[in-house]
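Coordinate analysis (summary)
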Amino acid sequence: MAAGVLSGLHGETSYRYRKFKSDAMMAVTVGATIVTLIPLFLVLGYLLTKGVASLNWAFFTNMPAPVGEKGGGMANAIVGTLEVVGIACLIGVPIGVGAGLYLAANRASQFTNWVRFSADVLMGVPSIVVGIFAYAVIVRPFGGFSTLAGSVALAAIMIPLVTRTTEEMVLLVPPELREASLALGVPNWRTTLSVVARTALSGITTGVILAVARVSGETAPLLFTAFGNRFWSTSLFHPINTLTVQVYTYAISPFADWQRQAWAGALVLTAIILALELGVRWVTGGAAKAPR
């Protein structure tokens, strides 16, 4: 009987010790989460404080005012951002998704290993290096800055991100689905597009939107490619203004009104990126879904 009592006491002590460790680790993780969120909310709060007061209808509809004058807006920069990022998506998303599907379907090939390694390396390359590369191969040979050059630079940043995300999402698809489709006589290419890619669509979409959110905030590549334009322009072969470049230009200027508008532009750009992030949540139903 004594042995049973001692065993019970030992079991209760062990349970309390495990519960203490669990509660302690939970407290550490909650604390780490709070420490991580504090800088985020401080930045967002400061941005709201400085930017909201500078937002008005003229900011969204007017062109930039001449140097040294007050007023004006960033209408051309907002439209230019949407144009440059939209064209980058048209270039980068099909290439990235196609490359990801190929890598997932041919994992054993030496060529795919090199492609995968190259994508991993490109994801770590600083964006300014991509901008310099685009300047050397597009801007200089064609004799000037352009919308197309900026879109190509952003697409080069998007492609490795979309490629690796697509590959990982496709690999989560149960192989039995592919085998069942092939057993029914469906060609391999159609199986990949109609069965595998469709099953992994939510995960692929998540990767695409996150890649778009990243390139939407890039400044360095656009300084070397799209450059900027104080006038209205939607041509693919002329310089174009973007929010990131306009915010950078206004932020380092000596004019108080331009600095005020820089905060407003930064707030609008943050709102666009936040909308894309919320789009991820909406597409994936609140979390990144694994294919079933």
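Attention here is on the structure that accompanies the text. Note that the structure is a prediction, hence the values are computed from the model and not measured.

**Concerning the packing of aromatic side chains**
- What the rule picks out here adds up to eight aromatic pairs.
- A ring pair is formed by Tyr102 and Phe111, whose centres lie 6.2 Å apart and whose planes are at 70°; its orientation type is edge-to-face.
- Judged by relative accessible area, which is 39%, Tyr102 ranks as partly exposed.
- A residue is classified by how much of its surface remains accessible, and Phe111, at 52% relative accessible area, is exposed.
- Consider the rings of Tyr250 and Trp258, whose centres lie 4.5 Å apart with planes at 15°: the pair is stacked.
- Classification of Tyr250 by relative accessible area gives buried; the value is 0%.
- Under the relative-accessibility criterion, Trp258 is labelled buried at 6%.
- Through a chain of ring-to-ring contacts, three or more aromatic side chains come together here, namely Tyr135, Phe145 and Phe227.

**Re unusual backbone geometry**
- A positive phi is found at Phe227, a non-glycine position, where the angle reads about 70°.
- Owing to a relative accessible area of 46%, Phe227 belongs among the partly exposed residues under this scheme.

**Here we look at a nonpolar patch on the surface**
- Residues Met26, Val30, Ile34, Ile38 and Leu42 make up a contiguous nonpolar surface patch of roughly 490 Å² in combined accessible area.
- Looking at the secondary structure, you find Ile38 in helix H1 (residues 2-51).
- Among the residues examined, Ile38 registers a relative accessible area of 45% and is labelled partly exposed.

**Some thoughts on the nonpolar core**
- Judged by nonpolar contacts, the single largest core of 32 residues is most densely connected at Val97, Leu154, Met158, Val170, Ile204 and Val208.
- Contributions of two or more residues to this core are made by helix H3 (75-105), helix H5 (127-142), helix H6 (147-171), helix H8 (188-199) and helix H9 (201-216).
- If one sorts the elements of this core by residue count, H6 sits on top with nine residues.
- By size, the runner-up hydrophobic cluster in this structure holds 15 residues, among which are Ile78, Val247, Ala264 and Val268.

**Some words on the environment of Arg260**
- Tracing the chain through its elements places Arg260 in helix H12 (residues 256-284).
- Here Arg260 falls in the partly exposed class, since its relative accessible area comes to 29%.
- When the C-alpha positions of Arg260 and Val97 are compared, they lie 40 Å apart, and in sequence the two are 163 residues distant.

**Things to note about the pattern of salt bridges**
- What the rule picks out here adds up to eight salt bridges.
- Residue Asp23 pairs with Lys19 through a salt bridge whose shortest N-O separation is 3.1 Å. Of this pair, Asp23 and Lys19 are both found in helix H1, four residues apart, which corresponds to roughly one turn of the helix.
- Residue classification places Lys19 among the partly exposed residues on the basis of a relative accessible area of 42%.
- A salt bridge links Glu218 to Arg214, with the nearest nitrogen and oxygen atoms 3.6 Å apart.
- By relative accessible area, Arg214 is classed as partly exposed at 31%.
- In this structure, a network of salt bridges that share partners links the residues Arg107, Arg116, Asp120, Arg164, Glu167 and Glu168.

The rules behind these values
Residues numbered from 1 in each chain as written. Predicted model: local features only at pLDDT ≥ 70, side-chain atom pairs only at ≥ 80, totals over all residues. Heavy atoms only, no water. Phe/Tyr/Trp six-rings, centres within 6.5 Å; stacked < 30°, edge-to-face > 60°. Buried < 20%, exposed > 50% of the residue type's maximum accessible area, 1.4 Å probe, protein only. Patch = residues over 30% accessible without salt bridge, like charges linked within 9 Å, V, L, I, M, F, W, Y side chains within 5 Å. Areas by Shrake-Rupley, 256 points an atom, 1.4 Å probe, with all protein chains shown as cover. Salt bridge = Lys/Arg side-chain N within 4 Å of Asp/Glu carboxyl O. Helix = DSSP H or I, 4+ residues; strand = E, 2+ residues; numbered from the N terminus. Core = buried A, V, L, I, M, F, W, Y, C linked by side-chain atoms within 4.5 Å.

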